[in-house]
Structures are given as structure tokens and as C-alpha cells.
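Close look at the chain arrangement
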Amino acid sequence: MRIIERVSEMQQQAEAWRHVGRRIALVPTMGYLHQGHLTLMREARNHGDEIVVSIFVNPTQFGPGEDFERYPRDMDRDRHLAEGAGVGVVFAPSVAEMYPDGYQTFVEVMEVTRPLCGQSRPTHFRGVTTVVAKLFNIVKPHAAVFGEKDFQQLAVIHRMARDLNMDVQVIGHPIVREEDGLAMSSRNAYLTGDQRAAALRLSRALDEAESMALGGETRGAVILEVVREQLGSNGEVRIDYAELRDPETLKSVDEMKGPTLLALAAFVGRTRLIDNRVLRCRAR
Ligand code: PAF
């Protein structure tokens, strides 16, 4: 497995692969890899001959006071995990390589970035779309695989790729969970034992809502009341949002008429966790 740190070297490698008809599949990450990432890498093998994993903690998607500095990093461990997952190249640029002096260009998707995480992290998606657009130009992938835990991120990237005619197939992969239901995330590393237990309230709230929807409940307000109760807003857990949204447009849903996204974000201690599920109505 090769580690590439330079943009120009990655572009040359991508060009060489394309020249001989190799398909490139990219898994963009911020590192501190876990089983969820490894599942994305396995999925990538279904879409490309050459698998590239990018590892870059992207400063432009963190707001002031967020966890950019303390975001967990372990390049040696990541390298071994990626190698074991059959990755050919890890692209791991420095911040100066990605955002050299004089940098001043950003990609901004409008409506779909406004609600949910966009409310509490107003500059976040601009940073995500900018770095993902750059990664697409550098790695030149035919396909790119993203986890559905960041459901809004995936919707935003789909929109960007469609709107800017990017010739990349954007693929979503279902959330990977720990055995007890907690959605895998590099930020789980921040949780203390008690916080880890409290964090389970997110997946339990999703389970509860799913049972209600399957049981025939379609009223958004009724479902969300139970979800908020289940999350509880005391002690360790503080709800950031709990909302029902159209899975594609992310417009708010009051009454479920078809598959509906239930999106959650909550602070457990200082750690902000997100989780979601697409709820299905009972067949009529
Ligand atoms: O989902 C992530 O880890 C990041 O937002 C991404 C897509 C790698 C962009 O930095």
C-alpha cells in the first residue's frame, strides 16, 4: 500500500490508472478508522479496481470552538487498518498541501445545508463540500462511498455532484453499529463509561420511533414527543435536534406519507453525536 501526501502525485497516479482503464473508488475519511470505515472500504471494492482512502482532518468544516485540534488522530493504526482492508493508496495530505497560502475558493450548496446540522454548525457543510470537491479533482474517482450516519452530508454531496455535473457516482452505505446499537463514530472515543451508556439513548429513540411508525403512527408531533422523552434532556444528554424530514429534500415532515428521515443530534457531555433512521409507514 502506498501513502501519498502530495496532490500532484495523487493526480498523476489517478491519471495513470484511468489511462489503462482502471476504475477508481474513493472512501473519504478524517481518519481514526473504525469498523464503519472498513465496511465502506469493502463496499468500495464493488465499485472500483483501485481503492483510495483519503485521511484528512479538514479544518474548514470545523467551526470556532469545535474539536478540530482534539479530533482523534492515529496515522500508524489507520495505515495498518487500511492495508488490511485491501486499500491500494492512502491519500494523506497536510493542511498546507490542501489549503496553501492564498487559498480562497469554496463550494456552497444552498437549501439542503440549512436545516439540521446546518443550524448548529453554519459553516460546516461549506467546508465538507469544498474538501470533497477538491478530493474528487485530486483522486479522480469513478465512485465515492460515504456512510449514511452523516445522512445530511450524503444528501448535500449528492446535490453538489448533480448540480455541478461531477462525473462521480456517489454511493451511500448503511450505518454500522456496535452490538448494543451505538452508531460507530470516531467521536465515540471521547465518551467516558457513563457517557457511552447515555449515548445509547439515541439508537433506542430511533428503535422506539420505528416501532411507532410500523404500528401505524403517522403524526410527526406524536412520534417526536416520544423520541424527545426517550432521549431525555437531563444530566449527560442535551438534545440539539430531533426532526422528521423528507429523505431527499430534507424538507420538514408533519405527517408521514412515505419513508421519512428521523434525524437526531445530541450532546453527550461535550461530545456531539448524530444518528438517524429512515422510518417506513405500515403498508396500508
Ligand atoms: O464524513 C467525514 O468524515 C468528512 O466529513 C469527509 C466526508 C471525509 C469530509 O472531510
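Our structure's up above, just so we're on the same page.
So, a few notes on the structure that sits alongside this text.

Right, let's get into the site of the ligand. Inspection of the region around the ligand gives Pro28, Thr29, Met30, Asn58, Gln61, Val131, Phe146 and Gln153 as its neighbouring residues. Measuring from an oxygen atom of the ligand, one finds a side-chain N or O atom of Gln61 at 2.6 Å. Between an oxygen atom of the ligand and a side-chain N or O atom of Gln153, the distance comes to 2.7 Å. Here the ligand, which alone exposes 290 Å², has 88% of that area covered by the protein. Considered class by class, the residues forming the shell around the ligand number four nonpolar, four polar and no charged.

Counting buried residues along strand S5 (residues 143–147), four of its five residues qualify, which places the element largely inside the surrounding structure. Taken together, the two bridges between strand S2 (residues 24–29) and S5 define a ladder with parallel strand orientation. Along S5, the bridge assignment pairs Leu26 with Ala144. Pairing analysis gives five bridges linking S5 to strand S6 (residues 169–173), with the strands arranged parallel. Counterpart to Val145 in the pairing with S6 is Ile171. The parallel pair S5 and S6 is bridged by helix H7 (residues 151–163), and the resulting crossover is right-handed.

Next up on the list: the pattern of salt bridges. Tallied over the entire structure, the rule returns 17 salt bridges. One salt bridge connects Asp180 with Arg196, and the closest N-O pair in it is separated by 3.1 Å. Taken together, the positions of Asp180 in the loop between S6 and helix H8 (193–214) and Arg196 in helix H8 put the pair 16 residues apart, joining distant regions of the chain. Here Asp180 falls in the partly exposed class, since its relative accessible area comes to 37%. Arg196 gets classed as partly exposed once you look at its relative accessible area, which sits at 25%. Where salt bridges share partners, they join Asp207, Glu210 and Arg277 into one cluster.

Once that is clear, we can look at the sheet that holds strand S7 (residues 237–245). Remark on secondary structure: sheet strands pair via backbone hydrogen bonds, oriented parallel or antiparallel. The strand order across the open sheet formed by three strands is S7-S8-S9, and the pairing between neighbours is antiparallel. Pairing within the sheet leaves two strands with one partner each, and these edge strands are S7 and strand S9 (271–279). Each adjacent strand pair in this sheet contributes to an overall mean axis angle of 15°, direction not counted. Note that S7 and strand S8 (residues 260–268) share eight bridges and pair antiparallel. By the bridge assignment, Leu244 is partnered in S8 with Leu262.

What follows deals with the packing of aromatic side chains. Tallying each qualifying case throughout the model produces five aromatic pairs. Here Tyr99 and Tyr103 contribute two aromatic rings whose centre-to-centre distance is 5.0 Å and whose plane-to-plane angle is 90°, an arrangement assigned as edge-to-face. Residue classification places Tyr99 among the buried residues on the basis of a relative accessible area of 13%. By way of ring pairs, the aromatic residues Phe56, Tyr99, Tyr103 and Phe106 are connected into one cluster. Against the face of Tyr190 rests Arg70, its NZ or CZ located 4.3 Å from the ring centre.

What counts as what
Residues numbered from 1 in each chain as written. Predicted model: local features only at pLDDT ≥ 70, side-chain atom pairs only at ≥ 80, totals over all residues. Heavy atoms only, no water. Near = heavy atom within 4 Å. Polar contact = N/O pair within 3.5 Å; in protein donor to acceptor, adjacent residues only side chain to side chain. Areas by Shrake-Rupley, 256 points an atom, 1.4 Å probe, with all protein chains shown as cover. Nonpolar A, V, L, I, M, F, W, Y, C, P; charged D, E, K, R; others polar. Buried < 20%, exposed > 50% of the residue type's maximum accessible area, 1.4 Å probe, protein only. Helix = DSSP H or I, 4+ residues; strand = E, 2+ residues; numbered from the N terminus. Pairing = 2+ DSSP bridges. Right-handed = clockwise from strand over helix to strand, strands pointing away. Salt bridge = Lys/Arg side-chain N within 4 Å of Asp/Glu carboxyl O. Axes fitted to C-alpha atoms, helices over the stretch in contact; angles between N-to-C directions. Phe/Tyr/Trp six-rings, centres within 6.5 Å; stacked < 30°, edge-to-face > 60°. Lys NZ or Arg CZ within 6 Å of the ring centre and 35° of its normal.

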